[in-house]
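# Coordinate analysis (summary)
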Amino acid sequence: MATVEIRNVRKSYGPVEAIKGIDIAIQDGEFLVLLGPSGCGKSTLLRMVAGLEGITGGQIAIGGRVVNDLDPKDRDIAMVFQNYALYPHMTVFDNMAYGLKIRGIPKAEIRARVDKAANILELGRFLDRRPSQLSGGQRQRVAMGRAIVREPAAFLFDEPLSNLDAKLRTQMRVEIKRLQDRLGITSLYVTHDQVEAMTLADRILVMNHGVAEQIGTPLEVYQRPASLFVAGFIGSPPMNVLDGRIDDHGEVVLVPGGQRLPLPQPRPTDAGRPIKLGIRPEHLAVAAEGFSIEVELVEALGADTVVYGRLPDSETLLVRMAGIPTVRERDRLTVTPQDGALHLFDAVTGRRVE
Amino acid sequence: MKPTRFIDLVPHIVLIVGVLIFAYPIYVTLIGSTWDSGTIGRGGLPLWPGGQGMVNYAQAWAGEAGERALYTPVRTMMLNSLVMALSIAVGKIAISILSAYAVAFFRFPLRMAFFWLIFITLMLPVEVRIIPTYKVVADLGLINTYAGLAIPLIASATATLLFRQFFLTIPDELLEAAKIDGAGPVRFFIDVVLPLSRTNIAALFVILFIYGWNQYLWPLLVTSSGDMETIVTGITKMIGTGESANDWHIIMATTVLAMLPPVAVVVLMQRWFVKGLVDSEK
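Throughout this document, residue positions are counted from 1 along each chain, in the order its sequence is written. In the order they appear in the text, chains get letters beginning with A and ligands get numbers beginning with 1. At least 70 in pLDDT is required for a residue's local features to be given in this predicted model, at least 80 for side-chain atom pairs to be given and counted, and no such filter applies to totals for whole chains, interfaces and linings, which use all residues. The basis for the side-chain values is all heavy atoms of the structure; hydrogens and waters are excluded.

Within an unreviewed UniProt entry, the label attached to chain B reads sn-glycerol-3-phosphate transport system permease protein UgpE, and the organism entered is Azospirillum lipoferum. UniProt positions are given in the numbering used here, feature names are shortened, and annotations may be inferred rather than shown by experiment. Taken verbatim from the UniProt record of chain B, the Sequence similarities (unreviewed entry) comment is "Belongs to the binding-protein-dependent transport system permease family." As recorded by UniProt, the Subunit (unreviewed entry) comment attached to chain B reads in full: "The complex is composed of two ATP-binding proteins (UgpC), two transmembrane proteins (UgpA and UgpE) and a solute-binding protein (UgpB)."

The name given to chain A in an unreviewed UniProt entry is sn-glycerol-3-phosphate import ATP-binding protein UgpC, with the source organism recorded as Azospirillum lipoferum. Per its UniProt entry, chain A bears the Sequence similarities (unreviewed entry) comment "Belongs to the ABC transporter superfamily."

With that settled, consider the overall build of chain A. Secondary structure elements follow DSSP: runs of H or I of four or more residues count as helices, runs of E of two or more count as strands, with numbering from the N terminus. A count of helices and strands for chain A gives eight helices and 19 strands. Across its three principal directions, the C-alpha atoms of chain A cover 75 × 45 × 35 Å. Across the 354 residues in chain A, those meeting the buried criterion constitute 52%. Across chain A, every contact between residues at least 6 apart in sequence was considered, and the portion connecting residues at least 24 apart equals 65%. Each accessible area is a Shrake-Rupley estimate made with a 1.4 Å probe; only the visible protein chains count as cover when residues are assessed. Carbon together with sulfur atoms contributes 48% to the accessible area of chain A, which is approximately 15,700 Å² in total. His is not counted, nor are the chain ends, whereas Lys and Arg count as positive and Asp and Glu as negative. Where a charge lies is defined by one atom per residue type: Lys uses NZ, Arg uses CZ, Asp uses CG and Glu uses CD. For chain A, the distance from the average site of its 43 positive side-chain charges to the average site of its 44 negative ones is 7 Å. Think of it in three bands: with a 1.4 Å probe and only protein chains considered, a residue is buried below 20% of the maximum accessible area for its type, exposed above 50%, and partly exposed in between. Residue contacts are defined here by distance: any two heavy atoms, one from each residue, within 4.5 Å place the two residues in contact.

Moving on to the interface of chain B and chain A. Taken together, the contact between chain B and chain A spans 18 residues of the former and 22 residues of the latter. The term buried area means the drop in 1.4 Å probe accessible area that two parts suffer when joined, counted for both and summed. Between chain B and chain A the total buried area reaches about 1,800 Å² when both faces are included, carbon and sulfur atoms providing 62% of it. Salt bridges are defined as contacts in which a side-chain nitrogen from Lys or Arg sits within 4 Å of a carboxyl oxygen from Asp or Glu. The closest approach of N and O atoms between Arg-47 of chain A and Glu-176 of chain B, which form a salt bridge, is 2.7 Å. By the criterion applied in these results, polar contacts are pairs of N or O atoms within 3.5 Å in which, for protein atoms, one can donate a hydrogen and the other can accept it, and in which residues neighboring in sequence qualify only through two side-chain atoms. Remark: the boundary between chain B and chain A carries eight residue pairs in polar contact (both at pLDDT 80 or more). Of all elements in the fold, only α9 (172–181) and α10 (185–196) of chain B reach the threshold of two or more residues within the side of chain B that touches chain A.

Bringing the nonpolar core into the picture now. In globular proteins that are soluble, nonpolar side chains generally tend to be buried together. Take the buried residues of types Ala, Val, Leu, Ile, Met, Phe, Trp, Tyr and Cys, join any two whose side-chain atoms come within 4.5 Å, and each joined set is a nonpolar core. Ranked by internal contacts, the top residues of the largest apolar core, which has 80 residues, are Ile-6 and Leu-45 of chain A together with Phe-167 and Ile-231 of chain B. The element that contributes the greatest number of residues to this core is helix α4 (residues 74–105) of chain B, accounting for 11 residues. One finds Leu-100, Ile-120, Leu-134 and Leu-164 of chain A within the second-largest nonpolar core, a separate group that totals 48 residues.

UniProt tags residues 4–234 of chain A as "domain: ABC transporter" (unreviewed entry). Annotated as 37% helix and 26% strand, the span residues 4–234 of chain A places its first and last C-alpha atoms 25 Å apart.

Residue and element names in this part refer to chain B. Residues with no salt bridge and a relative accessible area higher than 30% make up the patches, which join like charges within 9 Å and nonpolar side chains (Val, Leu, Ile, Met, Phe, Trp, Tyr) within 5 Å. On the surface, Phe-106, Phe-108, Leu-110, Met-112, Phe-114, Trp-116, Leu-117, Ile-120, Leu-122, Met-123, Leu-124 and Val-128 cluster together to form a nonpolar patch covering roughly 1,100 Å² of accessible area. Residue placement: Trp-116 occurs in helix α5 (residues 111–120). Trp-116 sits in the partly exposed class, given a relative accessible area of 46%.

Once that is clear, we can look at the domain arrangement of chain A. Residues and elements named next belong to chain A. What the domain assignment lists for chain A is domain 1 (4–232) and domain 2 (239–346). Domain start and stop positions are those given by an automatic or database domain assignment. Relative placement of domain 1 and domain 2: their C-alpha centres are 39 Å apart. In this complex, domain 1 contributes eight residues to the contact, which on the side of domain 2 involves eight residues. Where domain 1 abuts domain 2, roughly 640 Å² becomes buried across the two surfaces, and 62% of that area is made up of carbon and sulfur atoms. Of all residues in domain 1, Tyr-222, Leu-228 and Ala-231 bury the most surface against domain 2, accounting for 74% of the area lost on that side.

What follows is about the pattern of salt bridges. According to the stated counting rule, one finds 26 salt bridges over all chains in the structure shown. For Asp-270 of chain A, the salt bridge goes to Arg-273 of chain A, with nearest N and O atoms at 3.1 Å. By relative accessible area, Arg-273 of chain A is classed as partly exposed at 24%. Asp-191 of chain B serves as the salt-bridge partner of Arg-187 of chain B, at 3.2 Å between the closest nitrogen and oxygen. One end of the pair, Arg-187 of chain B, and the other, Asp-191 of chain B, are both in helix α10, four residues apart, so they sit about a helical turn from each other. Note on Asp-191 of chain B: relative accessible area 19%, which makes it buried.

Time to look at the side chain of His-89 of chain A. Mapped onto the secondary structure, His-89 of chain A falls in the loop between β6 (77–80) and α2 (92–102). For His-89 of chain A, a relative accessible area of 12% puts it in the buried group. Here Asp-191 of chain B takes part through its backbone oxygen, which lies 2.7 Å from a polar atom of the side chain of His-89 of chain A. Discounting residues that sit within four places of it in the chain, His-89 of chain A has contacts with Arg-130 of chain A together with Asp-191, Val-192, Pro-195, Leu-196 and Arg-198 of chain B.

Residues and elements named next belong to chain B. Here the UniProt-annotated "transmembrane region" (unreviewed entry) positions come out as residues 9–27, 82–106, 113–131, 143–167, 188–213 and 248–269. Within residues 82–106, the helical portion is 96% and the strand portion 0%, while the C-alpha atoms at the span's ends are 35 Å from each other. The span residues 188–213 is 96% helix and 0% strand, and its two end C-alpha atoms sit 33 Å from each other.

Let us now look at the pairing of strand β18 (residues 332–337) of chain A. Residue and element names in this part refer to chain A. Burial along β18 is one-sided: Leu-333, Val-335 and Pro-337 are buried, and none of Arg-332, Thr-334 and Thr-336, which face the opposite way, are. Here the rule is simple: two strands pair whenever DSSP picks up at least two bridges between them. Of the strand pairs in this sheet, strand β15 (residues 284–300) and β18 are connected by seven bridges, and their pairing is antiparallel. Looking at β18, one finds that Phe-291 is bridged to Val-335.

The subject of this paragraph is the sheet that holds strand β14 (residues 274–279) of chain A. The pairing of strands in a sheet comes from backbone hydrogen bonds and takes either a parallel or an antiparallel form. Residue and element names in this part refer to chain A. On the basis of which strands lie adjacent, the open sheet formed by five strands has the order β13-β12-β11-β14-β19 and antiparallel pairing. Looking at the sheet topology across the chains shown, the edges are occupied by β13 (259–262) and β19 (342–346). Recorded for the sheet is a direction-independent mean angle of 40 degrees between the axes of neighbouring strands. Pairing analysis gives four bridges linking strand β12 (residues 252–255) to β13, with the strands arranged antiparallel. Its bridge partner lying in β13, Leu-254 is registered against Arg-260. To get an axis, fit a line to the C-alpha atoms, keeping to the stretch in contact for a helix; angles then go from 0 to 180 degrees between the N-to-C directions.

All names here are of chain B. The calculated volume of the largest pocket comes to roughly 480 Å³. Lining the largest pocket we find 23 residues, and of these Lys-92, Ala-155, Ser-156, Ala-157 and Thr-158 sit closest to its centre. Taken together, the elements giving at least two residues each to the lining of the largest pocket come down to α4, α8 (157–168) and α11 (198–213). Ranked by residues supplied to the lining of the largest pocket, first place goes to α8 with five residues. The residue inventory of the lining of the largest pocket, partitioned by class, reads 16 nonpolar, five polar and two charged. Cavity means a closed set of points on a 1 Å grid over the protein atoms alone, one where a 1.4 Å probe fits but cannot get out, pocket means an open set with protein on both sides within 12 Å along at least 5 of 7 lines, and lining means a residue has an atom within 4 Å of a point. Lining the second largest pocket are 15 residues; nearest its centre among them are Ala-104, Phe-105, Arg-107, Asp-172 and Leu-175. Of all elements in the fold, only α4, α8 and α9 reach the threshold of two or more residues within the lining of the second largest pocket. Of the residues forming the lining of the second largest pocket, the biggest block, four residues, is contributed by α9. Only Asp, Glu, Lys and Arg are considered charged in this grouping, and only Ala, Val, Leu, Ile, Met, Phe, Trp, Tyr, Cys and Pro are considered nonpolar; every other residue, Gly among them, is considered polar. For the lining of the second largest pocket, the residue count by class is eight nonpolar, no polar and seven charged. Grid points are joined across faces, edges and corners, and a volume is the space filled by probe spheres set on the points.

Pasting the structure below:
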């Protein structure tokens, strides 16, 4: 059990900078999710913590000890890989015990630790099998068992659920959450799946192009996205983004089509400023006046319905409504955002405007 | 129904004919080794076994004087061939698996240069470099020794290449998982790479053992005394050139005996051999 501190960490491959200075202190027992699209550097950052990639600049400290120059084995971490990385020729027991054997832990204790982990993960019946005789979910559990028996300072998960089918993924997600709650071991978890991030994380680090776009709890990230990138990445279907302008009194946002949306508080200093306006589809509701849209497509998901509407100036507006569809294609609808549902972003930098 | 049956039949006929063509000379050799030299010498070898088998084999094995010449006993030649073939097979596997491990898993300066150096030796068969090799072996005083027979044939680009290709299919994550588990390069090699390579090793062992067993030109050059004769060179020396008649019954018995070790290796390792060729056990 330990804290993990990442201090201004950088990574370059030749002239290409993959990680451009990340700073975060992860609390003891915290579950941090690194979220971002492929190629954003999230796996690289995790592998730097693991010691599988060198650190170009900055420091990484695990449990207060700077580990920049330590081998992976000396960092007191355990890692779960996307493709499980089980030793194919060893039994489940040997897979879990291998790391302990190398560390010279007595046989009886290895037995006890593996049995305990197997119990937690319900792998008891499979200890004598080879990985090839297990299903994907079982293999992933063995990989987690291998991490647990080590009793490390931190768990590192590198997209552990990506190779599983949707149903199993949900199930394993719950198991991981339960496991981490129970063991209370500091965890770093890389994923590109926002649902995994939202459900597992204590805090999410949203990454894009090697930069931390935002660090915050799942709800913070959802409710107050720090940038257009985060706003578009978190939430499904994605947030609507419209070009707008704050009027000359700083009281309303003008959007093309003549719509006037009142700001929560007047902001006279921003009068006349061009702006990107974000509204989540689930925060739009049918009303007497507001955006007038023509329904182009209706996606009925059962519990709720996503309506693809066309604004008069031909921009698309997504509306998410609860329940089964009440509208049909080509219907006309008027929708308006709920109070406090407007997100303002700088038109140039994309940063949130508070 | 009928066309499928016909289509099924054709490959079987082709296979059976093929087997007969391959098996017939071996059958003739087997039969020949059971008749006396007189019967064979008259040119009328029957296609059924004769009664001289035990006598012929005993004679070949112990190397008692034949009717016309004195040969190195088969037991000596078999031992020489066995030592040579085993040394070549084991040595080639040991050296090539280690060099392939280095080339596939380690980053060191000139790695690719070393790889290509190994690789281009594929273009140089034993025959091409046989004179310089002979000179080196002779200078080292290895003529008429087991070392001289085996060592020059041990280096193998083919086996190195095969192992390297196999090692490249081992996922990086496995290496990384082992690193995190605390396994260094030597442990990883012994605990993970070797067990994963065992079917490949078995397949290569079969191929290399037969390769070693069948060596002809090199043993011919590097051995001059009868004690060091290998069985393949020995058989050819039994067959006289020119006018002299041959002890065909003994030659055939010797040939049959010479076939046995490779056949045994193939039969014993067949399961692994096939496995090594068809799957990589991932």
